Amino acid sequence: MADINPNTALISIDSDNNAIIAERRDKLRVLREQGIAYPNDFFPKNRAADLRSHFSNIDQSVLEKRSVNVSIAGRMMLKRIMGKASFATIQDGTGQIQFFITIANVGSDTYDAFKKWDLGDIISTCGILFRTNKGELSVRCIELRLLSKNIRPLPDKFHGLSDQEIKYRQRCVDLIVTPETRKTFQVRTRIITSVRQFMTNASFMEVETPMLHPIPGGATAKPFITHHNALNMQMFLRIAPELYLKRLIIGGFDRVFELGRNFRNEGVSPKHNPEFTMMEFYAAYTDYCWLMDFTEQLIRKAALDAQGTLEISYQGHILNFSQPFHRLTITDAIKKYTPQYTDACLSNKDWLRAELCKLGADIHDVAPYNTDVSTLLLALFEETAEAQLWEPTYIVNYPVEVSPLARASDGAPGIAERFELFIAGREVANGFSELNDPDDQAMRFRKQAEQKNAGDEKAMYYDEDYIRALEYGMPPTGGCGIGIDRLVMLLTDSRSIRDVILFPHLRRGD
């Protein structure tokens, strides 16, 4: 994704609005002279969506007999002045409903004041529910008040907020005028609620672990660095909660999960945001095969709860979550999508290096310290097959060299009991049978430390305290991390991770 230009966004949203803002500030000045400009004594008893749900099939004659009294408030999105009677459409957090305002019901002073109110003002009413001649469920206003004055005009209702840059920078405006944006974040909440319920029902305990780490661990990533003044020590925003969660497994909590923010001081793209939401979970006496089955069930349930169906449309393609997820090794995936590669080629280290260079991969970036065949195969997979994994697919059996926290396979030297789940060409989850041998883990940490000393900023530190914890004994354990933002992207048909994060990180606007 190209960098968003910070120099035009805020200017464009305010262009040609200075006169309107000045006029509305004059109105606000008059309100202040008259008394309290921003009252805080109205407490609505009704919401637009609830009224529509409860009374959508009730005709006017029945409504008249019931005389349903309502009190409701919201932002005025439409306004139609029609002599002695007018209409306004207000929008609250659940939807929209129409107000019907007449001089006879609200009085001439209030009616005259209403005619001067602006779109974007937040207004309230107490009134009676009825249905217009055209069948529109509406509120006949008896009392009408201005609760909050809008000073900055909203975007034109016919064109909305079309500038993607402004949508990210002015998210509050985007939420006001773009129903699709509001729906995306409502669905996001449903997904997170579904995930939490699924984990709780499976006897997992939700926990909270530190965001500030003395040693960054749990992933190979570049951390954000800060300083703790009181302790006078360097600290790091967490790149993953893994090592703390596994300490809880050691402590006797057999099933734990954490849903929260991680921070990685790396690139920004349609798939990456420096601050992102991850759900990590660990279960004692399980392995990576159990994790794949469990993760598949979790994602299937989240899709059903979010959209009510297991056939999800994403960027013009149908993803069918009702079918078993595919499972391929790295080599199988390469051969499936590039069948011209032979077994002889894929086992030849020199050929792999040459092919990676031909494909444009920076071989020193791909494998600057590890030159084994399995690591080069992983790099070739990323260049040739990863983007083509559209249907949910587990890629299994990763090299131990790039899996410093995963258990090595007993039957396949150099291979870890690890998987990554790919959907629509991007990684959504990563899990493995956890390495619980403290001596093996210490050796791998030392190798990571050597790589860091050689210049690899993403390599892990040697975490002596975690090794000490492992020496108390960790049961056989499986652990997995699921990228919540990427899962939400899939289930809301969103192209960019910025579309599913309320306030994505952008270059400063000044």
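Structure's up top.
One structure accompanies this document, and this report is about it. (Residues numbered from 1 in each chain as written. Predicted model: local features only at pLDDT ≥ 70, side-chain atom pairs only at ≥ 80, totals over all residues. Heavy atoms only, no water.)

Structural notes on the overall build of the protein chain
Here is step 1 of the chain: Counting its secondary structure elements, the protein chain contains 19 helices and 18 strands.
Here is step 2 of the chain: Burial statistics for the protein chain: of 510 residues in total, 48% are counted as buried.
Here is step 3 of the chain: Put simply, of all contacts in the protein chain between residues at least 6 apart along the chain, 67% involve residues at least 24 apart.
Here is step 4 of the chain: Just so you have it, the protein chain exposes about 24,800 Å², and 50% of that area is on carbon and sulfur atoms.
Here is step 5 of the chain: In the protein chain, which carries 61 positive and 66 negative side-chain charges, the distance between the mean positions of the two groups comes to 9 Å. (Helix = DSSP H or I, 4+ residues; strand = E, 2+ residues; numbered from the N terminus. Buried < 20%, exposed > 50% of the residue type's maximum accessible area, 1.4 Å probe, protein only. Contact = heavy atoms within 4.5 Å. Areas by Shrake-Rupley, 256 points an atom, 1.4 Å probe, with all protein chains shown as cover. Lys, Arg positive; Asp, Glu negative; His and termini not counted. Charge placed at Lys NZ, Arg CZ, Asp CG, Glu CD.)

As for the sheet that holds strand 7 (residues 212-213)
Here is step 1 of the chain: Pairing is antiparallel in the open sheet, where 3 strands are placed in the order 7-9-8. A strand with exactly one partner marks an edge of an open sheet, and here the two such strands are strand 7 and strand 8 (225-228).
Here is step 2 of the chain: Inspection of the sheet shows strand 8 paired to strand 9 (residues 233-237) by 4 bridges, in the antiparallel sense. Residue pairing in the sheet places Thr-226 in a bridge with Met-235 of strand 9. (Pairing = 2+ DSSP bridges.)

Some words on the nonpolar core
Here is step 1 of the chain: With 46 residues, the main nonpolar core has Ile-191, Met-199, Met-279, Phe-281, Leu-298, Phe-321 and Leu-491 as its most contacted residues.
Here is step 2 of the chain: Ranked by residue count, the leading element in this core is helix 11 (residues 288-307), at 9 residues.
Here is step 3 of the chain: Apart from residues lying up to four places away in sequence, Phe-321 is in contact with Ile-299, Arg-300, Ala-303, Leu-310, Ile-312, Pro-392, Ile-423 and Leu-491. (Core = buried A, V, L, I, M, F, W, Y, C linked by side-chain atoms within 4.5 Å.)

Comments concerning the state of the cysteines
Here is step 1 of the chain: Tallied over the entire structure, the rule returns 0 disulfides.
Here is step 2 of the chain: Considering cysteine sulfurs only, Cys-345 is the nearest to Cys-357, which forms no disulfide, with 15 Å between them.
Here is step 3 of the chain: Unpaired in this structure, Cys-480 has its nearest cysteine sulfur neighbour in Cys-289, at a distance of 13 Å. (Disulfide = S-S within 2.5 Å.)

Considerations on the pattern of salt bridges
Here is step 1 of the chain: Scanning the entire structure with this criterion turns up 32 salt bridges.
Here is step 2 of the chain: With a closest N to O distance of 2.5 Å, Lys-149 and Asp-118 form a salt bridge. With Lys-149 in the loop between strand 5 (137-148) and helix 7 (164-169) and Asp-118 in the loop between helix 6 (108-116) and strand 4 (122-131), this residue pair connects regions lying 31 residues apart in the sequence.
Here is step 3 of the chain: Residue classification places Asp-118 among the buried residues on the basis of a relative accessible area of 11%.
Here is step 4 of the chain: A salt bridge links Glu-206 to Arg-196; the nearest nitrogen and oxygen atoms lie 2.9 Å apart. One end of the pair, Glu-206, is in strand 6 (residues 205-206); the other, Arg-196, is in helix 9 (residues 179-201), and 10 residues separate them in sequence.
Here is step 5 of the chain: Under the relative-accessibility criterion, Glu-206 is labelled partly exposed at 38%.
Here is step 6 of the chain: Accessibility expressed as a relative area gives 31% for Arg-196, which makes it partly exposed. (Salt bridge = Lys/Arg side-chain N within 4 Å of Asp/Glu carboxyl O.)

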